[in-house]
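Here is how the chains run, residue by residue.
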Amino acid sequence: MKITRVSLFQMTLHLKKPYRLSGGRLLFEKLDSTFLRLDTDEGLSGWAEACPWGHTYLPAHGAGIRAAAELFAPALIGMDPRRLEHINRVMDLTLPGHLYAKQPFDTACWDILGQATGLPIVELLGGRYEEPIPIASSISTDTPDGMLADIDAYRALGYTTHSIKVGADIGLDIERIRFLKQNEKPGEFMFFDVNRAWTPSEAISVMNAVAEIPATFEQPCETLEQCAHVRRLTRQPISLDERLETEGDMQRIASEGIGEVVNIKLNRVGGLTRARRLRDIAMANGIKMLVMATGGSVLADTEVQHLAQSIPREMRLGTWLCQEMLVEDPAPGRGSRNDGAGNSAAPDAPGIGVAPDLDVLGEPVAVYESAA
Ligand code: MG
């Protein structure tokens, strides 16, 4: 089997309401999403979506994915998409780094491998653990009352897991954490996502001020070194998110004891082939996992559910469905969705199990084909 054509589509995805994180310093109103289709000489086509969370959050942007595709497409046309390690090696030789731009190529190849074998990707990743995957809400930084109202709206949709964005004035953050934890319901899991906004001294001050409250803090500071410093001087579990990109990062987090939880974002780490390795290192070291898209529609969300569902329940804290924050939906009613009880699941169909509607995506913005 050979890749014969690469087609790129672009969609602007609007958020239903403006969203702030990292203490409110970053504001988001729309996302630039790229949809990739790989066609093969055997009639199978694979899809993937790559959608960075805007261009101010991480060193990744939508136009960057499409620019890198100009390099990847000619290098990959003619290759067998089922040979995932080979595909990734050729991308690494073509353009070192730029993991976020490699993710859609890697993931679309997994979609083809699944269709070729008649299996959903989760089975190819080691097999499905049947327990449903709790979906985390994403609570924008606001007043304590405003944030609780937002949590209540998610509760009405069945959510029991909440990712709460803090990281502003530390006095206000302490107030937010205390107030929201006082209002936590039995069976709920609230964690506080700082998105790198605190300095080490601020993180140590806040976390020690609420030391009596069992709470997990995600990416309190900018670097792994700063988070390791905070880890040594605080007691609550730390989750690493933005600064987990490579296998080397994962090995450091495990061997230096920097965190007890990691948040694996498929776009940031470069796709399923690399994410599977991160999962395995985390599993071997007793590190629990959240597994999410960086952003995007139901296609990006569904890609992620295959990895999430390959992790046993006791090691898997949850996922996130960005689709619920968006106006547009390129595959209405299909793919991984909220089951009404705040849980998600990977589809049973071969491959990813969902493809976007072409009439919603419109014409491709670029097409690359083999010369033959
Ligand atoms: Mg996070």
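What you are looking at is a predicted structure, and each value in this text was computed from that prediction instead of being measured.

K.L.:
In this structure, what is going on with the coordination of the magnesium ion? I would like to understand it.
P.N.:
Taken together, the protein donors to the magnesium ion comprise Asp-193 (OD), Glu-218 (OE) and Asp-241 (OD), at separations of 2.1 to 2.2 Å. Positions of the donor residues of the magnesium ion along the chain correspond to the pattern D-x24-E-x22-D. You can see Asp-193 sitting in strand S6 (residues 189-193) and its partner Glu-218 sitting in strand S7 (residues 216-218), a full 25 residues away along the chain. As far as the burial class goes, Asp-193 and Glu-218 line up, both buried.

K.L.:
What is the right way to read the sheet that holds strand S1 (residues 3-21) from this model?
P.N.:
Spatially, S3-S2-S1-S13 is the arrangement adopted by the 4 strands of the open sheet, whose pairing is antiparallel. Both outer strands of the open sheet, strand S3 (45-50) and strand S13 (366-369), are each paired with one neighbouring strand and no more. The average angle at which neighbouring strand axes cross in this sheet is 20°, direction not considered. Pairing of S1 with S13, which is carried by 4 bridges, proceeds in the antiparallel orientation. Residue pairing across strands places Arg-5 opposite Glu-369, the latter belonging to S13.

K.L.:
So what exactly am I meant to see when it comes to the packing of aromatic side chains here?
P.N.:
Any pair of aromatic rings gets described here by the distance separating the centres and the angle formed by the planes. Applying the stated criterion across every chain yields a total of 9 aromatic pairs. When the centroid spacing of 5.5 Å and the interplanar angle of 35° are considered together, the rings of Phe-9 and Trp-47 count as tilted. One end of the pair, Phe-9, is in strand S1; the other, Trp-47, is in strand S3, with 38 residues separating them in the sequence. Taken individually, Phe-9 and Trp-47 each receive the classification buried, so the pair is uniform in this respect.

K.L.:
I'm lost on the state of the cysteines in this one. Help?
P.N.:
Covalent bonding between the sulfur atoms of two cysteines defines a disulfide. Following the criterion strictly, the structure yields 0 disulfides and no others. As a non-bridged cysteine, Cys-227 has Cys-221 as the owner of its nearest cysteine sulfur, 5.1 Å distant. Since its relative accessible area comes to 0%, Cys-227 is described here as buried. The thiol of Cys-322 is not disulfide-bonded; the next cysteine sulfur, from Cys-51, is found 6.4 Å away. For Cys-322, a relative accessible area of 0% puts it in the buried group.

K.L.:
Teacher, can you tell me more about the domain arrangement of the protein here?
P.N.:
How large an interface is tends to be reported as the accessible area lost when its parts come together. We note that the domain assignment places domain 1 (3-118 + 359-369) and domain 2 (123-344) within the protein. Using C-alpha coordinates to define each centre, domain 1 is positioned 23 Å away from domain 2. Roughly 3,500 Å² is buried in total at the junction of domain 1 and domain 2, and carbon and sulfur atoms are behind 56% of that figure. Where domain 1 meets domain 2, there are 4 salt bridges. Mapped by element, the contributors of at least two residues to the side of domain 1 that touches domain 2 are S1, strand S2 (26-40), S3, helix H2 (84-94), helix H3 (99-117) and helix H13 (358-361). Of the residues assigned to the side of domain 1 that touches domain 2, the class counts are 23 nonpolar, 10 polar and 9 charged.

Here is what the cut-offs are and how they apply
Residues numbered from 1 in each chain as written. Predicted model: local features only at pLDDT ≥ 70, side-chain atom pairs only at ≥ 80, totals over all residues. Heavy atoms only, no water. Donors = N, O, S within 2.8 Å, 3.2 Å for Na, K, Ca; no water. Helix = DSSP H or I, 4+ residues; strand = E, 2+ residues; numbered from the N terminus. Buried < 20%, exposed > 50% of the residue type's maximum accessible area, 1.4 Å probe, protein only. Pairing = 2+ DSSP bridges. Axes fitted to C-alpha atoms, helices over the stretch in contact; angles between N-to-C directions. Phe/Tyr/Trp six-rings, centres within 6.5 Å; stacked < 30°, edge-to-face > 60°. Disulfide = S-S within 2.5 Å. Domains from an automatic or database assignment. Buried area = accessible area lost by both parts, 1.4 Å probe. Salt bridge = Lys/Arg side-chain N within 4 Å of Asp/Glu carboxyl O. Nonpolar A, V, L, I, M, F, W, Y, C, P; charged D, E, K, R; others polar.

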